[in-house]
Amino acid sequence: YLKNHMKKICFIVAMAAEAKPLIQHFGLMHQGGRFGQAPSQVYQGNYKNIEITLVTNGKDADTGFDYIGCEAATLSTHLAIAYYHPDIIINAGTAGGFASKGAKIGDVYLSHKYIVFHDRRVDIPGWNRMGQGYFPCIDSDEIARLGGFKQGICTTGSSLDMTEDDAEQMRQTGGEVKDMEAAAVAWVAQLYKTPILCVKAITDLVGADRPTAQQFDDNLSMATQKLKDACFKIVDEHLLRKKK
Ligand code: ADE
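Residues numbered from 1 in each chain as written. Predicted model: local features only at pLDDT ≥ 70, side-chain atom pairs only at ≥ 80, totals over all residues. Heavy atoms only, no water.

Some words on the overall build of the protein
Tallying secondary structure elements over the protein gives seven helices and ten strands in all. Taken against the 2.2 N^0.38 rule, which gives 18 Å for 244 residues, the C-alpha radius of gyration of the protein at 17 Å falls within 12% of a compact globule. C-alpha extents for the protein along the principal axes are approximately 45 × 45 × 40 Å. Evaluated residue by residue, the protein yields a buried proportion of 53% over its 244 residues. Restricting the contact set of the protein to residue pairs at least 6 apart, pairs at least 24 apart contribute 74%. Total accessible area computed for the protein in this model is approximately 11500 Å², and 53% of it derives from carbon and sulfur atoms. Put simply, the protein has 27 plus and 28 minus side-chain charges, and the middle of one group is 10 Å from the middle of the other. (Helix = DSSP H or I, 4+ residues; strand = E, 2+ residues; numbered from the N terminus. Rg over C-alpha atoms; globule rule 2.2 N^0.38 Å. Buried < 20%, exposed > 50% of the residue type's maximum accessible area, 1.4 Å probe, protein only. Contact = heavy atoms within 4.5 Å. Areas by Shrake-Rupley, 256 points an atom, 1.4 Å probe, with all protein chains shown as cover. Lys, Arg positive; Asp, Glu negative; His and termini not counted. Charge placed at Lys NZ, Arg CZ, Asp CG, Glu CD.)

Observations regarding the site of the ligand
In the vicinity of the ligand, the contacting residues are Thr 94, Ala 95, Gly 96, Ser 159, Leu 160, Lys 178, Asp 179, Met 180, Thr 203, Asp 204, Thr 212 and Phe 216. The side chain of Lys 178 places a nitrogen or oxygen atom 2.8 Å from a nitrogen atom of the ligand. The contact in question runs from a nitrogen atom of the ligand to an N or O atom on the side chain of Thr 203, over 3.4 Å. Look at the ligand: alone it shows 260 Å² of surface, and the protein chains cover 96% of it. Where the shell around the ligand is concerned, the elements lending two or more residues are β5 (88-97), β9 (177-179), β10 (196-205) and α7 (212-239). (Near = heavy atom within 4 Å. Polar contact = N/O pair within 3.5 Å; in protein donor to acceptor, adjacent residues only side chain to side chain.)

Points about helix α6 (residues 182-191)
Among the ten residues of α6, seven are classified as buried, and the element is accordingly described as predominantly covered. Residues of α6 that are buried: Ala 182, Ala 183, Ala 184, Val 185, Ala 186, Val 188 and Ala 189. Lys 193 sits one or two residues past α6 and shows a positive phi near 50°.

So, the pattern of salt bridges
For the structure on display, the rule yields ten salt bridges. Across the pair Lys 150 and Asp 107 runs a salt bridge whose closest N-O atoms are separated by 2.7 Å. With Lys 150 in strand β8 (residues 150-156) and Asp 107 in the loop between β5 and β6 (108-117), this pair connects stretches of sequence that are 43 residues apart. Here Lys 228 makes a salt bridge to Asp 229, at a shortest N to O gap of 2.9 Å. You can call Lys 228 buried: its relative accessible area is 13%. Asp 229 sits in the partly exposed class, given a relative accessible area of 42%. When salt bridges with common partners are traced through the structure, they connect Arg 121, Asp 165 and Asp 166 into a single cluster. (Salt bridge = Lys/Arg side-chain N within 4 Å of Asp/Glu carboxyl O.)

Okay, here's the thing in structure tokens:
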């Protein structure tokens with residue numbers, strides 16, 4: 001799907017730890033204060049004639065922790081599109097996977113078919129589906145095949161854990177890559193008709209013996225390296241690949 005004419009790529013990344021390997025690898029520079037009072041942080045650079053922008057959610061001044069979740073992702077994505085008009089958005093991050101669906105820690109998944117929410121419960125016909133979202137993403141078949149990535153339906157909620165209600169919605173929608181931003185990013189991308197691809201490295205297996213938080217902490221650094229390798233491969237081998 002990625003085309004030669006795509007000259008502006010924007011990565012939307014929640015946490016600084018997820019962004020750091022990407023910032024270093026693409027040689028991006030921090031553009032301090034670009035979004036005024038908004039917490040979102042911009043990093044930018046040129047890579048092989050492509051303008052690469054990376055926006056992180058920034059930090060909560062109260063706790064000193066990175067903003068994770070849908071509200072901050074919505075803000076970052078809106079600002080990124082309004083300021084930089086990217087040809088494509090890549091939402092890069094970490095996610096939980098499911099052993100029952102063949103996921104392994106460190107796998108990299110690409111978004112597939114559509115992107116949904118799994119923790120919105122509005123049991124009224126019509127509103128229910130609107131809450132779940134079903135936002136489009138680009139066709140990732142070729143990138144997955146050539147790059148050796150898995151594909152999965154990304155599903156987003158505001159919690160690291162999973163309730164039985166969340167699980168029921170995932171069964172309904174087919175959700176298989178569980179994160180906390182993808183659907184929010186995809187919603188804004190859809191509003192502005194900007195193509196979006198999610199790239200998610202698996203830090204934890206939902207429902208495994210070890211608590212999710214522990215798995216996440218243990219595997220974050222390894223997963224962010226895999227995430228960086230995958231994003232680099234996608235930009236280098238697919239976006240920059242000259243069509244024969
Ligand atoms: N990010 C990484 N692991 C996650 C999980 N299990 N749920 C939601 N977001 C995540």
